Amino acid sequence: MLDFNRYFLPDRRIFLDNVQYETLQTPSSKEGRKLNCKDTILAQRSNKWIKINFNRTLTFMPEGIFRLSVTFGVLLPFNPATKEEVDWNGIDIAAAFRESCGPLLSALMSRTSLLISQITSSTGQNPLVTPAAPVNDATGEA
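About the cut-offs
- Residues numbered from 1 in each chain as written.
- Predicted model: local features only at pLDDT ≥ 70, side-chain atom pairs only at ≥ 80, totals over all residues.
- Heavy atoms only, no water.
- Pairing = 2+ DSSP bridges.
- Helix = DSSP H or I, 4+ residues; strand = E, 2+ residues; numbered from the N terminus.
- Axes fitted to C-alpha atoms, helices over the stretch in contact; angles between N-to-C directions.
- Contact = heavy atoms within 4.5 Å.
- Phe/Tyr/Trp six-rings, centres within 6.5 Å; stacked < 30°, edge-to-face > 60°.
- Buried < 20%, exposed > 50% of the residue type's maximum accessible area, 1.4 Å probe, protein only.
- Lys NZ or Arg CZ within 6 Å of the ring centre and 35° of its normal.
- pLDDT = per-residue confidence, 0-100.
- Salt bridge = Lys/Arg side-chain N within 4 Å of Asp/Glu carboxyl O.

(A) Fine view of the sheet that holds strand β3 (residues 49-61). Taken together, four strands build an open sheet; the order of strands is β1-β4-β3-β2 and the sheet is antiparallel. On the outer flanks of this sheet lie β1 (13-23) and β2 (34-45), each paired with one strand and no other. Direction aside, the axes of adjacent strands within the sheet are offset by 15° on average. Bridge count for β3 against strand β4 (residues 66-77) is 10 bridges, and the pairing is antiparallel. Counterpart to Thr 57 in the pairing with β4 is Ser 69. Relative to the sheet, helix α2 (residues 93-100) contacts β2, β3 and β4, its axis offset from that of β2 by approximately 110°. Contacts from helix α3 (residues 102-120) reach β1, β2, β3 and β4 within the one sheet, and its direction differs from that of β4 by about 150°.

(B) Representation of the packing of aromatic side chains in the model. In the structure shown here, the tally under the stated rule is eight aromatic pairs. Residues Phe 8 and Phe 78 carry aromatic rings whose centres are separated by 5.1 Å and whose planes lie at 25° to one another, so their mutual orientation is stacked. One end of the pair, Phe 8, is in the loop between α1 (4-7) and β1; the other, Phe 78, is in the loop between β4 and α2, with 70 residues separating them in the sequence. Across this residue pair, the class does not change: Phe 8 and Phe 78 are buried. Across the ring face of Phe 78, the terminal group of Lys 83 is positioned such that the distance to the ring centre comes to 5.0 Å.

(C) Seen up close, the confidence of the model for the protein. With 92% of its residues at a pLDDT of 70 or more, the protein has an overall mean of 88. Segment residues 137-142: pLDDT under 50, and 15 contacts once partners within four positions in sequence are set aside and those in other chains are kept.

(D) Main features of the pairing of β2. Note: β2 against β3, 12 bridges, orientation antiparallel. Considered in β3, the bridge of Thr 40 is made with Asn 55. Linking β2 to β3, which pair antiparallel, is a turn of three residues.

(E) Representation of the environment of Ile 52. For Ile 52, the location among the structural elements is in strand β3. Given the relative accessible area of 0%, Ile 52 is considered buried. Each C-alpha atom, one on Ile 52 and one on Glu 85, is 20 Å from the other, the two residues being 33 residues apart in sequence. Other than its neighbours up to four places away in sequence, Ile 52 contacts Ile 41, Leu 42, Ala 43, Phe 72, Gly 73, Val 74, Leu 76, Ile 93 and Phe 97.

(F) Expanded view of the pattern of salt bridges. Applying the stated rule across the entire model yields five salt bridges. Of the charged contacts, one joins Lys 51 and Asp 17 as a salt bridge, the two residues approaching to 3.6 Å between their closest N and O atoms. Of this pair, Lys 51 sits in strand β3 while Asp 17 sits in strand β1; the two residues are 34 residues apart in sequence, bridging distant segments of the chain. Between Glu 63 and Arg 67 there is a salt bridge; the shortest N-O distance is 2.8 Å. Connected via shared salt-bridge partners are Glu 22, Glu 63 and Arg 67.

Following this line, the structure appears as structure tokens:
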């Protein structure tokens, strides 16, 4: 398990990275819809920091109503005193973050869930509240 507190400075910046929202025509059919919710964690590395992105994408099957994708990111600056102790090319940083950074991941998920609720309620409808916890698969099950 990678100790993020050892290899990164405590100056961590969380930010909104991207939002994509598209309303779709609602088909006239009364066929039921299934909400698909998919979470993705990606990592990018530079010489000075690692950027982690948490994305949650909502779609419907069959397609309709809307498509929504929200991405929050966090910049983790390397600790210069310990950075060289690890071969960063040989590590799945996104998986290590998922395993080792529960509180920081929860902060990203909470912000994502809140923004999804605000966006989906912007048309006067009840908000769609997604869990502030990881979604296990694309079926929307937490």
